[in-house]
Amino acid sequence: GAAVIAASAASAEDVKLGFLGGFTGPIETLVPPIHDAAALAVKHVNDQGGILGGQLSMVQADSTCIDATAASNAADRLVNAENVTALVGPLCSGETIAAANSAAIPGNVVIVSPAATSPALSTIEDNDLLFRTTPSDAYSGEVLAKLLKDKGHDNIAITYVNNDYGKGFAEALQSSFEALGGTVAANEAHEDGKADYRAEIGSLASSGAEMLAILAYVDGSGQTIVRQALESGDFSQFSGGDGMIGDSLVTAIGEGKLDGFIGTKIGRSETPGTGMYAELAKEGGLDPNASFGPQAYDAAFLLALAIEKNGSADREGVSAALRDVATAPGETIFPGEWEKARKLIAEGTDINYEGASGSHEFDEAGDVPGVIIEMVVEGPGFKEVGQVQ
């Protein structure tokens, strides 16, 4: 026994994950709860015996959401200076593509985004290193189109932030809405970070559409566009996707002014794991329903499982191990069940993680099927209406 203990102690390794997110920029109010959810996964690992006989830590960097150069620099620091084994994040699509192409893929680092939803991520040449625990907006666009049509909107205008996220979502929304027999009277890009969007809003309003779909960010252009469209009287009906779903929108615009705003949010399928995560999040002082929180917990927990299975803090082999622990068959592991997973891995038993945001059966592109939640503004903020079938 003593010899075995000595041998395993000698090979004990501490493991470092990186977390990239826009702590500053147009989604800064959404990021702290996402980071905290990933940190909760790390805490569960360390509270239940650690990883590879050592401790798991997570170092974060600000990737800003919209500045590709800043995102590349942040990723470069984590990959090449901090020497992380794998990365959670980034959260916006353009910065995720930049971080992957500039640092993660050249460094052979697996990168799991909990929130980057652009269809463009599916086709990157990534050597099977880029994954996400959130579905593509190809699906969110279909769902938002269906909601708008079901609520009697036949003629809409779309304004989207001019980046990978906005473009992908806008294309999906337009094609789906037209396929349902609706008219997209205008579909126009705008640049984030301007003080004045009155010209853009005037152009959209002149199309004759009454409903404005905004595919942008809640603490950025999206908020300014809603405010100025209301002030000018050009639009009174609004809708939007995940980037707009934050109570800071209502706080900034004023309670009562946005009631009935139709939104979609990427949600979690109701599986045993989602219920278990809700309890664990509450115990940890977190909001279990925070946008992309469950997906971030899953990204960090899955990477920890993959590294434990891979047997070292090396980057080589993490990608194959990630597919292994995420997909059936295998003994089911739920959120928080690190100790159980560690024992099964040590015994050589196959495991299948069923997560906080649902099953993550990664397809060839590293994508997962999704669940979309209908959201509506009511009073001081957004309320969940329910899962869209």
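Everything here concerns the structure above.
Below: a short report on this structure. (Residues numbered from 1 in each chain as written. Predicted model: local features only at pLDDT ≥ 70, side-chain atom pairs only at ≥ 80, totals over all residues. Heavy atoms only, no water.)

This part is about the sheet that holds strand β6 (residues 155-161). Strand order in the open sheet formed by 7 strands is β7-β6-β8-β9-β10-β14-β15, and the pairing between neighbours is mixed. Either end of the sheet is taken by a strand with one partner, and the two such strands are β7 (183-190) and β15 (381-387). On average, each strand axis in the sheet is inclined to that of its neighbour by 25°, with strand direction left out of account. As paired elements, strand β14 (residues 372-378) and β15 share 6 bridges and run antiparallel to each other. In the strand pairing of β15, Ile373 is matched with Gln387. Sheet contacts for helix α8 (residues 221-232): β6, β7, β8 (211-215) and β9 (237-240); angle to β8, the most-contacted strand, approximately 160°. (Pairing = 2+ DSSP bridges. Helix = DSSP H or I, 4+ residues; strand = E, 2+ residues; numbered from the N terminus. Axes fitted to C-alpha atoms, helices over the stretch in contact; angles between N-to-C directions. Contact = heavy atoms within 4.5 Å.)

The terminal C-alpha atoms of helix α11 (residues 293-310) lie 26 Å apart, and with 18 residues this matches the ideal 26 Å at 1.5 Å per residue to within 8%. Counting buried positions along α11 yields 16 of 18 residues, so the element is predominantly enclosed. Phi turns positive, to about 85°, at Gly311, one or two residues after α11. (Expected span 1.5 Å × (residues − 1). Buried < 20%, exposed > 50% of the residue type's maximum accessible area, 1.4 Å probe, protein only.)

What follows covers helix α12 (residues 318-326). All buried positions along α12 are accounted for by Val318, Ser319, Ala321, Leu322, Val325 and Ala326. Take α12 and look down its axis: the buried residues cluster within an arc of 160°, on one side only. Buried residues belonging to α12 abut β4 (110-113), β5 (130-132), α11 and β12 (351-355). (Arc of directions from axis to C-beta.)

Right, let's get into the state of the cysteines. Throughout the structure, instances matching the rule amount to 1 disulfide. The disulfide partner of Cys65 is Cys92, and the S-S distance across this bridge is 2.2 Å. As the torsion about the S-S bond is roughly -95°, the Cys65-Cys92 disulfide counts as left-handed. With a gap of 27 residues between them, Cys65 in the loop between β2 (53-62) and α3 (68-81) and Cys92 in the loop between β3 (86-88) and α4 (93-104) connect regions that are remote in the sequence. Each member of the pair, Cys65 as well as Cys92, carries the same accessibility label: buried. (Disulfide = S-S within 2.5 Å.)

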